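Breakdown of the fold
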Amino acid sequence: MRIIFLGPPGAGKGTQAKRIATEFSIPHISTGDMLRAAVEAGTELGKYAKHIMDSGQLVPDETIIALIEQRVSEPDCSDGYILDGFPRTVPQAESLGSMLAARGESIDVVLLFDVPAEEVLRRMESRRASEGRADDASETQRERLKVYEAQTAPLIDFYKANGLLRVVSGVGSVEEIQRRLVAELTH
Ligand code: AMP
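Cut-offs applied
- Residues numbered from 1 in each chain as written.
- Predicted model: local features only at pLDDT ≥ 70, side-chain atom pairs only at ≥ 80, totals over all residues.
- Heavy atoms only, no water.
- Helix = DSSP H or I, 4+ residues; strand = E, 2+ residues; numbered from the N terminus.
- Contact = heavy atoms within 4.5 Å.
- Areas by Shrake-Rupley, 256 points an atom, 1.4 Å probe, with all protein chains shown as cover.
- Lys, Arg positive; Asp, Glu negative; His and termini not counted.
- Charge placed at Lys NZ, Arg CZ, Asp CG, Glu CD.
- Buried < 20%, exposed > 50% of the residue type's maximum accessible area, 1.4 Å probe, protein only.
- 1 Å grid on protein atoms, 1.4 Å probe; cavity = no way out; pocket = protein on both sides within 12 Å on 5 of 7 lines; lining within 4 Å.
- Points joined across faces, edges and corners; volume = space filled by probe spheres on them.
- Nonpolar A, V, L, I, M, F, W, Y, C, P; charged D, E, K, R; others polar.
- Near = heavy atom within 4 Å.
- Polar contact = N/O pair within 3.5 Å; in protein donor to acceptor, adjacent residues only side chain to side chain.
- Sits in = over half its atoms within 2 Å of the grid points.
- Pairing = 2+ DSSP bridges.
- Axes fitted to C-alpha atoms, helices over the stretch in contact; angles between N-to-C directions.

Of the regular secondary structure elements, the protein chain holds nine helices and five strands. Along the protein chain, from the amino end to the carboxyl end, the secondary structure elements read β-α-β-α-α-α-β-α-β-α-α-α-β-α. Along the first, second and third principal axes, the C-alpha atoms of the protein chain reach 40 × 40 × 30 Å. Across the protein chain, the fraction of contacts at a sequence separation of at least 24, relative to all contacts at a separation of at least 6, is 72%. Of the roughly 9100 Å² of accessible surface on the protein chain, 52% is carried by carbon and sulfur atoms. Across the protein chain, the mean location of the 22 positive side-chain charges is 3 Å away from that of the 29 negative side-chain charges.

Listed below in structure tokens is the structure:
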């Protein structure tokens, strides 16, 4: 199954993507994790992306699309995957659609994590405290949410229009949310 997890930063997509990926034995593909690995490794991509990520802005579409195209072509992706944090713009979603169509493939489902804005801010704050993520620093938090509203939220209508969108409440315990996601994926 090819699955997209959609929702604001701090909605719990990463935590759930890891669990669902294990449960369904498919890879978890996080463009944020890929970029952080590049920053850590000190590659050209990492050097280029770091200041963009720390400011809460988006890395340019072409860079991200190239990363994803390469990743989904790897053999472990042949039975599907969970995309977490991609697509994040309408052009990224369009590129993904045509990239998959060219391979005779398509996205099966888009799961939207529904979490109120106050709860998202609270979670980003606690993640900054526990993980020390630079892009969760308070100045950047509101910027990331603004960028989500302006550039990523339009994907809700994009995927609603092609009938792929399902909304899941992202409020509750990790186990409860996981059960809701599995129910959506298996019914
Ligand atoms: P995430 O871990 O998904 O919250 O991503 C962390 C940061 O990486 C984002 O705030 C962006 O700067 C960058 N990033 C991750 N995925 C994308 C994407 N699909 N498009 C553009 N930038 C991205």
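On we go from here.
Moving on, we get to the environment of alanine 117. Of note, alanine 117 is situated in helix 6 (residues 117–131). Here alanine 117 falls in the partly exposed class, since its relative accessible area comes to 46%.

Roughly 1000 Å³ of volume is contained in the largest pocket. Taken together, 46 residues form the lining of the largest pocket, with Gly10, Lys13, Gly14, Arg127 and Arg133 sitting closest to its centre. Taken together, the elements giving at least two residues each to the lining of the largest pocket come down to strand 1 (2–6), helix 1 (13–24), strand 2 (28–30), helix 2 (31–41), helix 6, helix 7 (138–152) and helix 9 (174–186). Partitioning the lining of the largest pocket into residue classes produces 17 nonpolar, 17 polar and twelve charged. What the second largest pocket holds in volume is close to 150 Å³. Of all the secondary-structure elements, those providing two or more residues to the lining of the second largest pocket are helix 2 and helix 3 (44–55). Class assignment for the residues of the lining of the second largest pocket results in three nonpolar, no polar and six charged.

Taken together, 16 residues are adjacent to the ligand, and Thr31, Gln57, Gly85, Gln92 and Arg144 come closest. Arginine 36 is positioned such that a nitrogen or oxygen atom in its side chain is 2.9 Å from an oxygen atom of the ligand. The contact in question runs from a nitrogen atom of the ligand to an N or O atom on the backbone of valine 59, over 3.1 Å. In isolation the ligand exposes 480 Å². Once the protein is present, 95% of that is buried. One can see that the ligand is located within the largest pocket. Sorting elements by how many residues they give to the shell around the ligand places helix 2 first, with four residues. Of the residues contributing to the shell around the ligand, the split by class is six nonpolar, five polar and five charged.

Taken together, the five strands give an open sheet; going across it, the order is 2-3-1-4-5, and neighbouring strands pair in parallel fashion. At either end of the open sheet lies a strand with only one pairing partner, and these are strand 2 and strand 5 (165–169). Taking the axes of each pair of neighbouring strands and ignoring which way they run, one obtains an average angle of 25° across the sheet. Inspection of the sheet shows strand 2 paired to strand 3 (residues 81–84) by three bridges, in the parallel sense. Across the sheet, histidine 28 pairs through a bridge with isoleucine 82, a residue of strand 3.

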